[in-house]
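# Observations on the model geometry
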Amino acid sequence: MNNAKKLLLSALIISSAAASANEPLAPAQEEMLVTGGKDSIQTLSGSAHLLDKTTLEQFDFSDLNKVLGQLAGVYIRSEDGYGLRPNIGLRGVNSERSQKITLMEDGVLIKPAPYTAPAAYYIPNIARMNAVEVVKGPATIKQGPNNVGGAVNLVTPPIPTEAEGFMDATVGTDKYQQYQIFYGDTVGDFGYWVDALHYSSDGFKEIDTGDTGFERNDVNAKLQWSPDQLWGYEQRFIVKLGYADETSDETYLGQTSVDFDTDPINRYAASQLDVFASEHQQIHFDHLITISESFTLNTKVYWNAFERSWNKLDGFIDRYPIRSIVSQEDNNASPERLAILKGEVDSNPNPAETLDVTNNDREYGSSGIQLKGDYTFQTGGWAHNLEAGFRYHHDYIERNHLTRGYLMTDGIMVNDDINYGFKTLNEAETDAVAVFIHDTVSWKDWTFNAGLRYEDIESEAEDFRAETKTKTDKSQSFTAPGAGVFWQASEKLGFLAGINKGFSPAGATAGNDAEPEEAINYEYGLRYQDGGNRIELIGFFSDYDNLLGRCRASDSGCNVGEEFNGGGVEVAGAEIFAELMLPFTVGQIQFPINVNYTHTKSAFQSSFSSSFSQWVNVAKGDELPYLPEHVGRVQFGAVAVDWEAFIAISYQSEMRDEAGRGSFDDALTTDSLTTVDLSASWQVHPQWRIQGSVDNILDDEAIVSWRPFGARPNKPRSARLRVTYSF
């Protein structure tokens, strides 16, 4: 907390120093958008999308996976069915724990430790967001550190200009509950809002000897002071405070394919002790000063703290890989061990039959200060919007993974009272300095942009286990240029093209042999807009110089945080995105249609063997694992004055569990999956709104992942009823 106080003081000093001239003011903007909003997106020479509050309300998804499934170029790998820890990829990057994308809240890095350990074990609850932005291509120059695929920004509500609020209650299948209360106001120069959210479920999976549900709480407040002509300038100060916690009976353990076919929502007895518990705290400070009509300076200071423990089955004490037990199609790799996992037979007190339950206890922290200046000016007939930014960031992780042994006895796990010590005991930290400059130039029907991003990253890691005791330092730096062009060929039709260098740094515990992930990204396409109708067609190509694989606690044959070089890889694809309104009405009823589709192909450019479990023996031309060739969604709606209804059909093709090519028949793969979701709402009174939703209305079943350990199901059909009172 002391670092946060120092950063807050530094921000005030910097902001005060900026307020030394005496020129007229431009209106300050409260929204924390990185795209500039929907109007700005339309002429970007890069790909970006914004889902506003109206769109988010259509289905009222609490799962960020489902929300982002409304956009092209996004890949999702479901794990728990509720999106508690989403796996999100953009334009071919690995989706695992969303570690290869830049994830932000109000333009601030929000992963627990985005440089040192970038897996997103914390993600903000989508129910408290006002908008979601996704940025890809040359536009990611302004975001980092991961800009090969792109960035996702979650935007909290602005301060209301007058007193307003709502109370929201939702109940549903499997005792799903969500309650939220929001209230805000502006009095004179001061504004605020407070937001409290609780949601929970008993879970859709079943286990005879334990629980499978979750519970989350999230309390936030935003305070704003907008003084009139402070030191002669229009300024705005915002402080945002947040606390969130979670308890969930989640596991890494899945099933064999045979057991999945029999009962896809069953959980093995060996997962009965698995529970995830976490707490997240944040303090964010934001200052905006309008120095002139053409120049603004924004300063952000942030502090985040995250603690989590995940007590879960990691396998057997003798380290026999649990994936070999549950992922083999013939299910005969180790029938005795499989029977122990199911609780069908008792364990003998030896390492081969003693269950390894490890409490993966971790503490994360991140803090930093970032500044961004915006300067608009004219040079002849050329209009410039010059942006420059600076960020200093520090983050860390402490891992304390303590192993305990359990014997399966009559379906119940009994501790063997043996001290096995720590499986992982290390800490790491990173200091990173990032700067960028980006100029958008408009001339007649043309918009050009060019930018440059530079990051210098210094990391330290120390392993405290006696048998692996080491201390290492790692230095990385990169320069990433990018450029793009947009041509408004006619009033309705525009063309775009861009190129940028993408980068994803190696983690602090990656080892000295791991090289950063680098790629040259190309995109090209067109945009068509006619009134409320919008169509976007974009092709993309990523030429990786090196692809990184990162070891997680669920991977066998490697140490947590270890990273692997995958060499050259090519990823190519096409995205289609459309928002249309049918050219007729029935009475006052309008009929909107939304379409998105992504086609993706990938290929390793060399042959090699790797101890990374998702690659293993790679041949040149092999496809990347967990990258679907086809992803699409079509949504139809009917919107009247006081009611609306929507139906959405989503499809994702099968995915490989390991790198490979050719027929899927001889490979371990997920299933292709088509789901149909339905939602309808009725504004029964100016202050009362009722909404009913059914997800996966056809109750389709599929294996959506074989990781971490075995076949995992999608969420079955579920229904929700929501009542909202606004005041």
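Just so it is clear, the model here is predicted, and its values are computed rather than measured.

So, about the overall build of the protein. Each helix and strand in the protein was counted, giving seven helices and 36 strands. Over its C-alpha atoms the protein spans a radius of gyration of 26 Å, differing by no more than 12% from the 27 Å that the globule rule assigns to 727 residues. In terms of principal-axis extent, the alpha carbons of the protein reach across some 80 × 65 × 50 Å. Counting the 727 residues in the protein, one finds 57% classified as buried. The contacts of the protein with a sequence gap of at least 6 include a subset with a gap of at least 24, amounting to 67%. As displayed, the protein has an accessible area near 27,800 Å², and 55% of this comes from carbon and sulfur atoms.

Below, the discussion takes up the pattern of salt bridges. Once the charged atoms of two side chains with opposite charge are near each other, the side chains can pair. Here the structure, examined in full by the defined rule, presents 46 salt bridges. With its nearest N and O atoms 2.7 Å apart, the salt bridge here joins Glu-517 to Lys-100. Here the residue Glu-517 occupies a position in strand β22 (residues 517-530), and Lys-100 occupies one in the loop between β3 (88-90) and β4 (102-105), the gap between them amounting to 417 residues. Residue Glu-517 shares its accessibility class with Lys-100, and that shared class is buried.

Our next topic: the nonpolar core. Within the largest apolar cluster, 80 residues are counted, with the highest numbers of intra-cluster contacts made by Leu-68, Val-132, Val-152, Leu-341, Leu-355 and Phe-604. Of all the elements, strand β14 (residues 295-316) adds the most residues to this core, at four residues. For Leu-68, the contacting residues outside a window of four places in its chain are Val-74, Ile-88, Val-132, Val-134 and Val-152. Among the nonpolar cores identified, the runner-up in size contains 17 residues, and Met-104, Ala-432, Phe-478 and Ala-480 belong to it.

When a strand is regular, its side chains alternate between the sheet's two faces. Sheet analysis places strand β10 (residues 190-201) next to strand β11 (residues 214-225), joined by 12 bridges and oriented antiparallel. Counterpart to Trp-193 in the pairing with β11 is Lys-222. Here β11 runs beside strand β12 (residues 234-248); their pairing, made up of 12 bridges, is antiparallel. When the sheet's bridge partners are listed, Glu-215 is paired in β12 with Thr-247.

Turning our eyes to something else, we now look at the packing of aromatic side chains. A complete count under the given rule lists 34 aromatic pairs for this structure. Centre to centre, the rings of Tyr-375 and Phe-377 are 5.1 Å apart; their planes meet at 25°, and the pair counts as stacked. Residue classification places Phe-377 among the partly exposed positions, given a relative accessible area of 24%. For the pair Trp-382 and Phe-448, a centre-to-centre distance of 6.2 Å together with 35° between the ring planes defines the contact as tilted. Placement of Trp-382 in strand β16 (residues 382-409) and of Phe-448 in strand β19 (residues 446-463) is noted, with a sequence separation of 66 residues between them. With a relative accessible area of 33%, Trp-382 lands in the partly exposed category. For Phe-448, a relative accessible area of 30% translates into the label partly exposed. Members of the aromatic cluster, connected to one another through ring pairs, are Trp-382, Trp-443, Trp-446, Phe-448, Trp-487 and Phe-495. Looking at Arg-337, its charged tip hangs above the ring of Tyr-320, at a distance of 4.1 Å from the centre.

Attention now goes to the environment of Ser-613. Relative to the helices and strands, Ser-613 resides in the loop between β28 (608-609) and β29 (617-618). Its relative accessible area of 11% is what places Ser-613 among the buried residues. Sequence spacing of Ser-613 and Asp-228 is 385 residues, and the spatial spacing of their C-alpha atoms is 59 Å. Leaving out residues up to four positions away in the same chain, Ser-613 has contacts with Asp-555, Glu-658 and Arg-707.

Quick look at the sheet that holds β4 now. Read from one edge of the open sheet, five strands run β1-β6-β7-β4-β5, paired in mixed fashion. In this open sheet, the two edge strands, each paired with only one partner strand, are β1 (47-51) and β5 (108-109). Across four bridges, the pairing between β4 and strand β7 (residues 151-155) is parallel. Within β7, the residue paired with Leu-103 across the bridge is Val-152.

The next subject is the pairing of strand β36 (residues 718-726). Bridge analysis of strand β8 (residues 164-172) against β36 gives seven bridges, and the strand direction is antiparallel. Of the residues in β36, the one forming a bridge with Phe-166 is Ser-726. Across eight bridges, strand β33 (residues 688-695) lies against β36 in antiparallel orientation. Counted as the bridge partner of Ser-693 is Arg-720 from β36.

For residues that are not glycine, phi is negative in most cases, and the peptide bond is trans in most cases. Geometrically, the link from Gly-144 to Pro-145 is a cis peptide bond, its omega value of 20° lying close to zero. At Gln-229, a position not held by glycine, the phi torsion is positive, near 60°. Examined against the element boundaries, Gln-229 turns out to sit in the loop between β11 and β12. Judged by relative accessible area, Gln-229 falls into the partly exposed class, the value being 39%. Phi at Lys-444 takes a positive value of approximately 55°, unusual for a residue other than glycine.

Another point: helix α7 (residues 335-342). Among the residues of α7, Arg-337, Leu-338, Ala-339, Ile-340 and Leu-341 are the ones counted as buried. Taken together, the buried residues of α7 touch β14, α6 (323-326), β15 (355-379) and β16. Among the residues trailing α7, Gly-343 stands out with phi positive, at a value near 80°.

Attention shifts here to a negative patch on the surface. Taken together, the side chains of Asp-261, Glu-654, Asp-665, Asp-666 and Asp-671 present a region of like negative charge at the surface. Tracing the backbone through its elements, the reader meets Asp-665 in the loop between β31 (643-652) and β32 (673-685).

Moving on: the confidence of the model for the protein. Chain-level statistics for the protein give a pLDDT mean of 92 and a share of 95% at 70 or above. For the stretch residues 1-31, pLDDT sits under 50, and the model shows 66 contacts to residues farther than four places along the chain or on other chains.

The next thing to look at is the environment of Val-704. Counting through the fold element by element, Val-704 comes out in strand β34 (residues 703-705). Each C-alpha atom of the pair Val-704 and Thr-669 lies 8.9 Å from the other, and the pair is 35 residues apart in sequence. Ignoring any residue separated from it by four or fewer positions in sequence, one finds Val-704 in contact with Arg-77, Ser-78, Met-655, Thr-670, Leu-673, Arg-712, Pro-713 and Asn-714.

So, about the environment of Thr-299. As for its placement among the helices and strands, Thr-299 is situated in strand β14. Relative accessible area serves as the criterion here: at 0%, Thr-299 is assigned to the buried category. For the pair formed by Thr-299 and Ile-369, sequence separation is 70 residues and the distance between their alpha carbons is 7.3 Å.

Glancing now at a nonpolar patch on the surface. Together, Val-171, Tyr-179, Trp-643, Trp-682, Val-684, Trp-688, Ile-690, Leu-721 and Val-723 give the surface a local cluster of nonpolar side chains, amounting to about 780 Å² of exposed area. Going through the elements one at a time, β32, β33 and β36 are the ones with two or more residues in the nonpolar patch. Among the secondary structure elements, Trp-682 is positioned in strand β32.

Mapped onto the secondary structure, His-284 falls in strand β13 (residues 275-292). Separated by 3.0 Å, the side chains of His-284 and Asn-304 make a polar contact.

Position of Thr-35 among the secondary structure elements: in the loop between α1 (2-18) and α2 (38-41). The exposure class assigned to Thr-35 is buried, which follows from its relative accessible area of 8%. Here Glu-133 takes part through its side chain, which lies 2.4 Å from a polar atom of the side chain of Thr-35.

Rules and cut-offs
Residues numbered from 1 in each chain as written. Predicted model: local features only at pLDDT ≥ 70, side-chain atom pairs only at ≥ 80, totals over all residues. Heavy atoms only, no water. Helix = DSSP H or I, 4+ residues; strand = E, 2+ residues; numbered from the N terminus. Rg over C-alpha atoms; globule rule 2.2 N^0.38 Å. Buried < 20%, exposed > 50% of the residue type's maximum accessible area, 1.4 Å probe, protein only. Contact = heavy atoms within 4.5 Å. Areas by Shrake-Rupley, 256 points an atom, 1.4 Å probe, with all protein chains shown as cover. Salt bridge = Lys/Arg side-chain N within 4 Å of Asp/Glu carboxyl O. Core = buried A, V, L, I, M, F, W, Y, C linked by side-chain atoms within 4.5 Å. Pairing = 2+ DSSP bridges. Phe/Tyr/Trp six-rings, centres within 6.5 Å; stacked < 30°, edge-to-face > 60°. Lys NZ or Arg CZ within 6 Å of the ring centre and 35° of its normal. Patch = residues over 30% accessible without salt bridge, like charges linked within 9 Å, V, L, I, M, F, W, Y side chains within 5 Å. Lys, Arg positive; Asp, Glu negative; His and termini not counted. Charge placed at Lys NZ, Arg CZ, Asp CG, Glu CD. pLDDT = per-residue confidence, 0-100. Polar contact = N/O pair within 3.5 Å; in protein donor to acceptor, adjacent residues only side chain to side chain.

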